[in-house]
Amino acid sequence: MKRLVLLGLLALCPVAATRALEPAVRQLIVGIAPDWNAMHGKVQLFRRDDRGDWQPDSAAVPVLFGKNGLAWGRGIAGAAEAGLHKRERDGRAPAGLFGIGTIYTYDASLPPGADYPFHQVTGADAWVDDVTSPDYNKFVTIPDPAHPPAWFDKMRMRQGDFAYRWLVEIRDNADPPEPGAGSAIFFHIRRGENRPTSGCTTMAEPELARLVTWLRAADHPQYVLLPWPEYLLKWRAWGLPDPAKVAARPSGL
């Protein structure tokens, strides 16, 4: 009953003239947290049909967010919202709407069926999280890995960590990066059912492999992450799937 009342109230709200999701976006990853401080949530995949309507393309799967929950990030939508905004090392995952960038992997190829731009990580690759660096929140390759700079060991990407077998780039604070507003945000394999991250979205390995094989660059995939109450407020204006179709919503709502 509570959910029906909420949806009924939202139906009376005016629809914003500008939608955050462009028509070219035909794949959408929907991440839902129960509230701003939740570290647990769910993700579900959606595909836009020929009529322009969003249809579920997967079941909802459990994921982990930041250990301290969520805060507004700097993506396609969300940066101008009032409230708490993500900062470096705040332990929060960025909320909002984001593009999907490159897949970084230890492997020479992606799983069978995948067709998406990827980069095989080498011993010279790093992702910079130093807020004082001109390369903050950027992928870099050092010219001489045999003689790396002092900062490299902390920021190198090839660490032999199973959780980083695939890093799917979530383009938060990327265009351009703002020093201190967050860095190195990815989808990756979780380390345990109750081991949250510093800001990434993590899931079980089979579910991440499914995501990697599902992505198609030609469909301009994007990721929306919101607490459920915020989703109910923004789905029309942002052009998101109807809440009635979102199985990732918290239980009982």
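This text gives an overview of the structure that appears in the document. (Residues numbered from 1 in each chain as written. Predicted model: local features only at pLDDT ≥ 70, side-chain atom pairs only at ≥ 80, totals over all residues. Heavy atoms only, no water.)

## Brief notes about the pattern of salt bridges
Then step 1. All chains considered together, the criterion is met by 19 salt bridges.
Then step 2. Residue arginine 47 pairs with aspartate 219 through a salt bridge whose shortest N-O separation is 3.3 Å. Within this pair, whereas arginine 47 is found in strand E2 (residues 40-48), its partner aspartate 219 is found in the loop between helix H3 (205-214) and strand E13 (222-227), the two being separated by 172 residues in sequence.
Then step 3. For arginine 47, a relative accessible area of 29% gives the class partly exposed.
Then step 4. As a salt-bridge pair, lysine 86 and aspartate 90 come within 2.7 Å of each other at their nearest N and O atoms. Take lysine 86 and aspartate 90: they sit in the same class, and that class is buried.
Then step 5. Through salt bridges with shared partners, a single ionic network connects Arg47, Asp57 and Asp219. (Salt bridge = Lys/Arg side-chain N within 4 Å of Asp/Glu carboxyl O. Helix = DSSP H or I, 4+ residues; strand = E, 2+ residues; numbered from the N terminus. Buried < 20%, exposed > 50% of the residue type's maximum accessible area, 1.4 Å probe, protein only.)

## Things to note about the packing of aromatic side chains
Then step 1. In this structure the tally under the stated criterion is nine aromatic pairs.
Then step 2. With 5.1 Å between their ring centres and 65 degrees between their planes, tryptophan 36 and tryptophan 72 make a pair best called edge-to-face. Of the two residues, tryptophan 36 is situated in the loop between strand E1 (27-33) and E2 and tryptophan 72 in strand E5 (residues 70-72); the sequence distance between them amounts to 36 residues.
Then step 3. A relative accessible area of 2% means that tryptophan 72 is categorised as buried.
Then step 4. Among the aromatic side chains, those forming a connected cluster through ring pairs are Tyr104, Trp127, Phe139 and Phe186.
Then step 5. One residue, arginine 191, lies across the ring of tyrosine 164, its end atom 5.1 Å from the ring centre. (Phe/Tyr/Trp six-rings, centres within 6.5 Å; stacked < 30°, edge-to-face > 60°. Lys NZ or Arg CZ within 6 Å of the ring centre and 35° of its normal.)

## Quick look at the nonpolar core
Then step 1. Ile29, Phe187 and Tyr223 are the most contacted members of the largest nonpolar core, which has 51 residues in total.
Then step 2. Here this core gets six residues from one element, more than from any other, and that element is strand E6 (residues 93-105). (Core = buried A, V, L, I, M, F, W, Y, C linked by side-chain atoms within 4.5 Å.)

## Describing the layout of surface pockets
Then step 1. Reported here for the largest pocket is a volume of approximately 730 Å³.
Then step 2. In this structure, the largest pocket is lined by 32 residues; those nearest its centre are Asp129, Tyr164, Ser183, Ala184 and Ser198.
Then step 3. Contributing elements (two or more residues each) for the lining of the largest pocket: helix H2 (152-155) and strand E11 (186-189).
Then step 4. The element best represented in the lining of the largest pocket is E11, accounting for three residues. (1 Å grid on protein atoms, 1.4 Å probe; cavity = no way out; pocket = protein on both sides within 12 Å on 5 of 7 lines; lining within 4 Å. Points joined across faces, edges and corners; volume = space filled by probe spheres on them.)

## Regarding the side chain of aspartate 125
Then step 1. Along the polypeptide, aspartate 125 turns up in strand E8 (residues 125-127).
Then step 2. Despite its burial, aspartate 125 remains without a salt bridge, the nearest opposite charge being carried by arginine 158 at 7.3 Å.
Then step 3. At 2.8 Å, the side chain of aspartate 125 and the side chain of threonine 141 are in polar contact.
Then step 4. Residues contacting aspartate 125, with those up to four places away along its chain left out, are His119, Gln120, Phe139, Val140, Thr141, Phe152, Arg156 and Met157. (Lys, Arg positive; Asp, Glu negative; His and termini not counted. Polar contact = N/O pair within 3.5 Å; in protein donor to acceptor, adjacent residues only side chain to side chain. Contact = heavy atoms within 4.5 Å.)

## Overview of the pairing of E13
Then step 1. Taken across its six residues, E13 has six buried, putting it largely inside the fold.
Then step 2. Bridging between E1 and E13 involves six bridges; their strand directions are parallel. Bridging from a neighbouring strand, glycine 31 pairs with leucine 225 of E13. (Pairing = 2+ DSSP bridges.)

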